[in-house]
Amino acid sequence: DGVRIQAPFQHPDAPDPFGRLWTPHRMVYIGGQDKPEDASAHHCPFCAAPGLEDAESLIVHRGEAAYVLMNLYPYNTGHLLVCPYRHVAGYVDTTEDEAVEIARLTKQAVAVLGGVSAPAGFNIGMNQGDVAGAGIAAHLHQHVVPRWLGDANFLPIIGRTKAVPQLLSDTRRLLADAWIELYGPHQEVTNA
């Protein structure tokens, strides 16, 4: 005969033996409140970011045709996005200068993240279109996601959340400083 254990009723705010990781800020993303109203450049956060201060927009580095910023909803600590300044949705629609700089900045992003965080690997890629998983499909952006052994733990599967152990502003500062150390200060861009 097995032993039957019945958990007593527990109020949702009461501590439990497993603890809870509350991430109410994720509801903004899940609910789509930060999504642009439409696909125009006027409502695009990637078009607005270069007009703001780097710390406010989470920009890590500015190039001539493209720039690098932190992902506001990162998959992992240090998750970067490489974006052209121009509002363009498709990779095949980039100019040669944009495509070359996106590639160069992606390569530099890997080097900077490697120096700052020593990840074991990276996921690098673009999601083209809503159906492919692009959160903002109207403005091309390349993801550079550092990965560590064991970083894909139970939280995303069971808890439907991701633990990011460092504030975005702290990570942005570390990466921006390391970028300057490795590649020099970013360029002043007049077309942003």
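Residues numbered from 1 in each chain as written. Predicted model: local features only at pLDDT ≥ 70, side-chain atom pairs only at ≥ 80, totals over all residues. Heavy atoms only, no water.

### What to know about the overall build of the chain
In step 1: Per the secondary structure count, the chain includes six helices and five strands.
In step 2: Each helix (α) and strand (β) of the chain, taken in turn from the N terminus, gives the series α-α-α-β-β-β-α-β-β-α-α.
In step 3: Taken across its 192 residues, the chain has 36% of its residues classed as buried.
In step 4: Sequence separation of 24 or more characterises 62% of the internal contacts of the chain that already satisfy a separation of 6 or more. (Helix = DSSP H or I, 4+ residues; strand = E, 2+ residues; numbered from the N terminus. Buried < 20%, exposed > 50% of the residue type's maximum accessible area, 1.4 Å probe, protein only. Contact = heavy atoms within 4.5 Å.)

### Thoughts on helix H4 (residues 96–117)
In step 1: End to end, H4 covers 31 Å across 22 residues, agreeing with the expected 32 Å (1.5 Å per residue, within 8%).
In step 2: Regarding H4, the residues found buried are Glu 98, Ala 99, Glu 101, Ile 102, Leu 105, Thr 106, Gln 108, Ala 109, Val 112 and Leu 113.
In step 3: Where H4 is buried, its residues touch strand E1 (59–62), strand E2 (66–70), strand E3 (80–84), strand E4 (121–126), strand E5 (142–147) and helix H6 (168–183).
In step 4: Positive backbone phi, approximately 50°, marks Ala 118, located one or two places after H4. (Expected span 1.5 Å × (residues − 1).)

### Quick word on the environment of Asp 151
In step 1: Inspection of the secondary structure puts Asp 151 in the loop between E5 and helix H5 (154–159).
In step 2: When its relative accessible area of 13% is taken as the criterion, Asp 151 is described as buried.

### Comments concerning the pattern of salt bridges
In step 1: Across all of its chains, the model carries four salt bridges by this definition.
In step 2: With its nearest N and O atoms 2.5 Å apart, the salt bridge here joins Arg 104 to Glu 101. Residue Arg 104 and its partner Glu 101 are located together in helix H4, separated by three residues, close to a single helical turn.
In step 3: We classify Glu 101 as buried; its relative accessible area is 5%.
In step 4: Here Asp 170 and Arg 173 are joined by a salt bridge, their closest N and O atoms 3.4 Å apart. In this pair, Asp 170 and Arg 173 both sit in helix H6, three residues apart, roughly one turn of the helix.
In step 5: Here Asp 170 falls in the partly exposed class, since its relative accessible area comes to 27%.
In step 6: With relative accessibility at 41%, the residue Arg 173 sits in the partly exposed group. (Salt bridge = Lys/Arg side-chain N within 4 Å of Asp/Glu carboxyl O.)

### Concerning the packing of H4 against H6
In step 1: The contact between H4 and H6 brings their axes to 9 Å, and the two run at 110°. In terms of orientation, H4 and H6 fall into the roughly perpendicular class. The two elements H4 and H6 meet at a crossing, and its hand is right-handed. Facing Leu 105, Gln 108, Ala 109, Ala 111, Val 112, Leu 113 and Val 116 of H4, the residues of H6 in contact are Leu 174, Leu 175, Ala 178, Trp 179, Leu 182 and Tyr 183.
In step 2: In the contact of H4 with H6, the residues fall into twelve nonpolar, one polar and no charged. (Axes fitted to C-alpha atoms, helices over the stretch in contact; angles between N-to-C directions. Parallel < 35°, antiparallel > 145°, perpendicular 65-115°, else oblique. Left-handed = near helix turned anticlockwise from the far one by under 90°. Nonpolar A, V, L, I, M, F, W, Y, C, P; charged D, E, K, R; others polar.)

### Describing the confidence of the model for the chain
In step 1: Mean pLDDT for the chain: 81, with 69% of residues reaching 70 or above.
In step 2: H5 is the least confidently modelled element of the chain, averaging 48 in pLDDT, while E3 averages 98, the highest of any element. (pLDDT = per-residue confidence, 0-100.)

### Side note on the environment of Ile 180
In step 1: As for its placement among the helices and strands, Ile 180 is situated in helix H6.
In step 2: Here Ile 180 falls in the partly exposed class, since its relative accessible area comes to 44%.
In step 3: A C-alpha to C-alpha distance of 8.4 Å links Ile 180 and His 61, two positions 119 residues apart in sequence.

### Here's the deal with the nonpolar core
In step 1: Among the nonpolar cores identified, the biggest contains 19 residues, and Val 60, Val 68, Met 70, Leu 80, Leu 175 and Trp 179 are the most heavily contacted of them.
In step 2: Residue assignment for this core shows that the elements contributing at least two residues are E2, E3, H4 and H6.
In step 3: Core analysis: the next-biggest nonpolar cluster, separate from the first, contains ten residues, Cys 44, Phe 46, Ile 59 and Leu 81 among them. (Core = buried A, V, L, I, M, F, W, Y, C linked by side-chain atoms within 4.5 Å.)

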